[in-house]
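Coordinates in review
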Amino acid sequence: MSESLSFFKKVNQNFDYAAQFTDHPTGLLDQIKICNSSCHFTFPIKRDNGDIETLHGWRAEHSHHQLPTKGGIRYSTLVNEDEIMALAALMTYKCALVDIPFGGAKGGIQLDRNEYSDTELERITRRYTYELIQKNYIGPGIDVPAPDFGTGEDEMAWIFDTYITMSPDKLDAIACVTGKPINQNGIEGRKEATGRGVAFGLEEVCNYADDMKNIGLETGIQGKTVAIQGFGNVGYHAAKFLFEKDAIVVGISEIDGVVYNPKGIDIDKLSDYSKENATIRNFPDAIYIENPNEGLELECDILIPAALENQITEENAPRIKARIIGEAANGPTTFKAHSILKEKGALIIPDTYLNAGGVTVSYFEWLRNLSHVRFGRIGKRFEETTYNAMLRAVENATGYQFTDTERMIVHGADETDLVNSGLQDTMINAYQEIREIQLQYGIPEVDCRAAAFINAIDKIAHSYLQLGIFP
Ligand code: GLU
């Protein structure tokens, strides 16, 4: 029965389940859970052939306990108000969990982006932004969009340009959206961030020897077999960075089928192939399986749903073989499917934690935009000079000559170094907090998802109480 619930209700099932372990007053819990505001609008666009079409767009701001609110904008035919509110809620919990000082938001337009030309997409995005400006649903201190399913750097550049054109004298206007191209005030590593965060997160998860033993796996990410659903920005980068950590990516599924090779798939070759052919079908170095649903049921250690919500359900959960489910997508596992997987002894690493890398690096981009300076710009050269002086002092004192390779490690941190280490630190700390909560409760009922929710709820409750917002 629960499977027919709306997506937002499914998110709230997870919230309610975790909230029972906290002692916050019901009224406060209700305030945390509810979506503070949402806005539906329709607007016309002119197609390239002159036809006029009406589109539906939404933006939901789930929680204003921290400002600005933050969350992506998706272009998909499945977009509707309930989905946007559910995703906005997940953003609230995700930001709280990884200590990003934002409330949660999400937006979207109901369309299939493949049916529109680039110029049409630009007109649509600019018009959508104009609607957001009119309704006060965008601004560096109000609500800051980012990429999500079906959008990327181009859309963010158009949003940025539209916003800045409408507010030319606002010094901080460049922080109105994140995920912008690097040469348009974006930040190094944002594009890769969600996938990189997934890899950092899973690496940390696999380092806990006891947890791995409980599910019958060796400690460490090396050698773990991985299957990924979705080969978009998140799926591709998760695959790439896991491969770099010596995991073996055995299966990738897309909407039109699955490629499978138990010995491992070359991710960059597959990416080139899929760009050339607009499909992964018949990729030469793998077995091709027509039915995309079978991608979730492959023999593997780690399954990573990296596409859309509600993919692992009561229906297919009993057939899933993976021991670890790493949720790179938002809301890929239904509440009932979660229970089934848990009963089978799988370790479920929840979306609110595992895909938080995107918003983490968005936060870094927002900070960079507000400070109007690239990270590393001021200190890099100074650090390098200092480290070199130290090496020379050691050489002089000991007579040892450092090799060129040894000298390579002596460099000042640039933006990429700082972003990646900040992201890694965030993912490690957040998982340690989740594990501590699990240990503190010491009962199987508080699994990883419940612990993540408890942590987020506690932090948001604390923030509300500190603000003293209750008159
Ligand atoms: N759309 C991404 C998410 O769901 C990123 C949001 C952001 O960067 O604001 O987490």
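This text goes with the structure placed above it.
Summarised in this report is the structure supplied together with it. (Residues numbered from 1 in each chain as written. Predicted model: local features only at pLDDT ≥ 70, side-chain atom pairs only at ≥ 80, totals over all residues. Heavy atoms only, no water.)

**A word on unusual backbone geometry**
In this chain, Leu-67 is followed by Pro-68 through a cis amide linkage whose omega measures 5 degrees. Within the secondary structure, Pro-68 sits in the loop between β2 (52-61) and β3 (69-76). Unlike most non-glycine residues, Asp-99 shows phi in positive territory, near 55 degrees. For Asp-99, the location among the structural elements is in the loop between α3 (81-97) and β4 (103-110). If you check the backbone angles, Ala-278 has positive phi at about 55 degrees while not being a glycine. Its location among the elements puts Ala-278 in the loop between α9 (267-277) and β9 (287-289). (Helix = DSSP H or I, 4+ residues; strand = E, 2+ residues; numbered from the N terminus.)

**Observations concerning the environment of Glu-192**
Take Glu-192: it is sitting in helix α6 (residues 190-206). Residue Glu-192 is classed as partly exposed on the basis of its relative accessible area, which comes to 24%. For the pair Glu-192 and Asp-16, spaced 176 residues apart in the sequence, the C-alpha separation amounts to 33 Å. Ignoring anything within four residues of it in the chain, the contact list for Glu-192 reads His-237 and Phe-241. (Buried < 20%, exposed > 50% of the residue type's maximum accessible area, 1.4 Å probe, protein only. Contact = heavy atoms within 4.5 Å.)

**Topic: the layout of surface pockets**
There is about 490 Å³ of room inside the second largest pocket. Around the second largest pocket, the lining comprises 20 residues; the ones closest to its centre are Leu-347, Gln-438, Pro-444, Val-446 and Asp-447. Secondary structure elements with two or more residues in the lining of the second largest pocket: α7 (209-214), α10 (335-343), β12 (347-349), α15 (415-441) and α16 (448-467). Among the elements that take part in the lining of the second largest pocket, α15 stands out by supplying four residues, more than any other. (1 Å grid on protein atoms, 1.4 Å probe; cavity = no way out; pocket = protein on both sides within 12 Å on 5 of 7 lines; lining within 4 Å. Points joined across faces, edges and corners; volume = space filled by probe spheres on them.)

**As for the pairing of strand β1 (residues 37-46)**
Covered by surrounding structure in β1 are Ser-37, Cys-39, Phe-41, Phe-43 and Ile-45 only, the residues Ser-38, His-40, Thr-42, Pro-44 and Lys-46 on the alternate face being uncovered. Two elements, β1 and β2, share 10 bridges in a ladder whose sense is antiparallel. In the strand pairing of β2, Cys-39 is matched with Arg-59. Here β1 folds back onto β2 in antiparallel fashion, the turn holding five residues, of which Gly-50 has a positive phi close to 95 degrees. (Pairing = 2+ DSSP bridges.)

**Topic: the sheet that holds β3**
Spatial ordering of the open sheet is given by β1-β2-β4-β3-β5, a layout of five strands whose pairing is mixed. Either end of the sheet is taken by a strand with one partner, and the two such strands are β1 and β5 (143-147). Strand-to-strand twist in this sheet, taken as the mean axis angle between neighbours without regard to direction, amounts to 25 degrees. Each of β1, β2, β3, β4 and β5 touches helix α4 (residues 118-134); the most contacted strand, β1, lies at about 140 degrees to it. (Axes fitted to C-alpha atoms, helices over the stretch in contact; angles between N-to-C directions.)

**Considerations on the pattern of salt bridges**
Within the structure shown, the criterion is met by 31 salt bridges. Salt-bridge contacts for Arg-74 lead to Asp-148; the nearest nitrogen and oxygen are separated by 2.7 Å. You can see Arg-74 sitting in strand β3 and its partner Asp-148 sitting in the loop between β5 and α5 (153-166), a full 74 residues away along the chain. Both residues of the pair, Arg-74 and Asp-148, count as buried. Note that Asp-148 and Lys-106 form a salt bridge whose closest N and O atoms lie 2.8 Å from each other. Note that Asp-148 is positioned in the loop between β5 and α5 and Lys-106 in strand β4, a separation of 42 residues in sequence. Like Asp-148, the residue Lys-106 is buried in the burial classification. (Salt bridge = Lys/Arg side-chain N within 4 Å of Asp/Glu carboxyl O.)

**Description of the packing of α6 against helix α8 (residues 233-244)**
With their axes 7 Å apart at the nearest point, α6 and α8 run at an angle of 45 degrees to one another. As summarised for this structure, α6 and α8 are arranged oblique, according to the angle between their axes. Our pair here, α6 against α8, has a crossing hand that is right-handed. Taken together, the residues of α8 that come into contact with α6 (itself represented by Lys-191, Glu-192, Thr-194, Gly-195, Arg-196, Val-198, Ala-199 and Leu-202) are Asn-233, Val-234, His-237, Ala-238, Phe-241 and Leu-242. Residue classes in the contact of α6 with α8 are distributed as seven nonpolar, four polar and three charged. (Parallel < 35°, antiparallel > 145°, perpendicular 65-115°, else oblique. Left-handed = near helix turned anticlockwise from the far one by under 90°. Nonpolar A, V, L, I, M, F, W, Y, C, P; charged D, E, K, R; others polar.)

**Topic: the nonpolar core**
By size, the foremost hydrophobic cluster in this structure holds 97 residues, and its most contacted members are Leu-202, Ile-252, Ile-304, Ile-324 and Ile-349. Among all residues touching Ile-324, those that are not within four sequence positions of it are Leu-202, Cys-206, Met-212, Ile-215, Leu-217, Asp-301, Ile-302, Leu-303, Leu-347 and Ile-349. Ile-45, Leu-111, Tyr-128 and Leu-132 belong to the second-largest nonpolar core, a separate cluster that totals 25 residues. (Core = buried A, V, L, I, M, F, W, Y, C linked by side-chain atoms within 4.5 Å.)

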